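# Summary of structural features
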Amino acid sequence: EALGTLTPKEIVDLTLNTADRVQSLYFEDGQRVRKGKTLLSLAQREQIALTEQAEANAEEAEKQLERVTRLADRNAVSKAELDEAKRAVESAKAQLRAVQSRQKDRVLVAPFDGLLGFRQVSVGTYVRPGDMVARLIDDSEMHLEFAVPSTFLRSLKPGTRVSARTDDLPDMTFDGEIATLDNVIDPVTRSVTVRATLPNPDRILMSG
């Protein structure tokens, strides 16, 4: 027997990569979300204008390349001019991809299915890169970490079955199996940390 602590399968503090004011929020505290759901967007007006300009530049470069290509077919322009037109198209496309990437950075989406914690921002909040918007956990499966005396180390391996109980649910037993063992023995306690996985389809078990 051992005393263990539950942690979720996945946990992440949701942040943004750019700084600006929050324009829209699309989630509430404690909401369950699906992977890919839009959670927040920053002010987009300036970025939309930059994207439209980059799209126009790319389109104009394509038209210029088509014109120069027709002239090159008639030997009316040099190969150097044709190569320059091709480089202009690639440059414009690269610029468009960069602007589009920056625009995506202004929208926060859920990286996996899970449960959101408390919302840390409001509409109008000025956020900076790294500021936490909310915490998201995947509690479909829980990790149970506990310490075992190193004298039992040789009898433990991934796949070993475990049964767990918790005081707040005294009539229930949760079955799982050992997933991994830590790669060091604590020199003070002479114990090794073991991680087991427990299925949590009904989301009964909570982290901590």
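One can find the structure itself at the top, above this paragraph.
Before going further, it helps to examine the overall build of the protein. Regarding its fold elements, the protein presents two helices and 11 strands. Secondary structure elements of the protein occur, N-terminal to C-terminal, as β-β-β-β-α-α-β-β-β-β-β-β-β. Against the globule reference of 17 Å for 208 residues, the protein gives a C-alpha radius of gyration of 27 Å, more extended than a compact globule. Principal-axis analysis of the C-alpha atoms gives the protein an extent of 85 × 40 × 30 Å. A total of about 13,500 Å² of accessible surface is found on the protein, and carbon and sulfur atoms cover 49% of it. Here the protein contributes 29 positively and 33 negatively charged side chains, and the mean placements of these two sets differ by 5 Å.

Another aspect to go through is the pairing of strand S10 (residues 169-181). Both strand S9 (residues 161-166) and S10 contribute to a ladder of five bridges, which runs antiparallel. Within S10, the position partnered with Ala164 by the bridge is Phe174. With antiparallel pairing between neighbouring strands as the criterion, S9 and S10 make up a hairpin whose turn holds two residues. With four bridges joining them, S10 and strand S11 (residues 191-199) adopt antiparallel strand pairing. Within the sheet, the bridge partner assigned to Thr180 lies in S11 and is Arg195.

The next point concerns the layout of surface pockets. In this model, the largest pocket occupies a volume close to 800 Å³. Along the walls of the largest pocket sit 29 residues, with Ala2, Gly4, Leu144, Ser163 and Ala164 positioned nearest its centre. Looking at the lining of the largest pocket, the elements with two or more residues in it are strand S1 (4-14), strand S8 (134-149), S9 and S10. Per-element accounting of the lining of the largest pocket gives the leading share, six residues, to S9. When its residues are assigned to classes, the lining of the largest pocket shows 18 nonpolar, six polar and five charged. As a volume, the second largest pocket reaches approximately 240 Å³. Around the second largest pocket sit 14 residues that line it, and Leu115, Ile137, Asp139, Met206 and Ser207 are the ones nearest its centre. Put simply, the parts of the chain that give the lining of the second largest pocket at least two residues each are S1, strand S6 (114-116) and S8. The greatest single-element share of the lining of the second largest pocket, amounting to four residues, is contributed by S8. Considering only residue class, the lining of the second largest pocket consists of eight nonpolar, two polar and four charged.

Conventions and cut-offs
Residues numbered from 1 in each chain as written. Predicted model: local features only at pLDDT ≥ 70, side-chain atom pairs only at ≥ 80, totals over all residues. Heavy atoms only, no water. Helix = DSSP H or I, 4+ residues; strand = E, 2+ residues; numbered from the N terminus. Rg over C-alpha atoms; globule rule 2.2 N^0.38 Å. Areas by Shrake-Rupley, 256 points an atom, 1.4 Å probe, with all protein chains shown as cover. Lys, Arg positive; Asp, Glu negative; His and termini not counted. Charge placed at Lys NZ, Arg CZ, Asp CG, Glu CD. Pairing = 2+ DSSP bridges. 1 Å grid on protein atoms, 1.4 Å probe; cavity = no way out; pocket = protein on both sides within 12 Å on 5 of 7 lines; lining within 4 Å. Points joined across faces, edges and corners; volume = space filled by probe spheres on them. Nonpolar A, V, L, I, M, F, W, Y, C, P; charged D, E, K, R; others polar.

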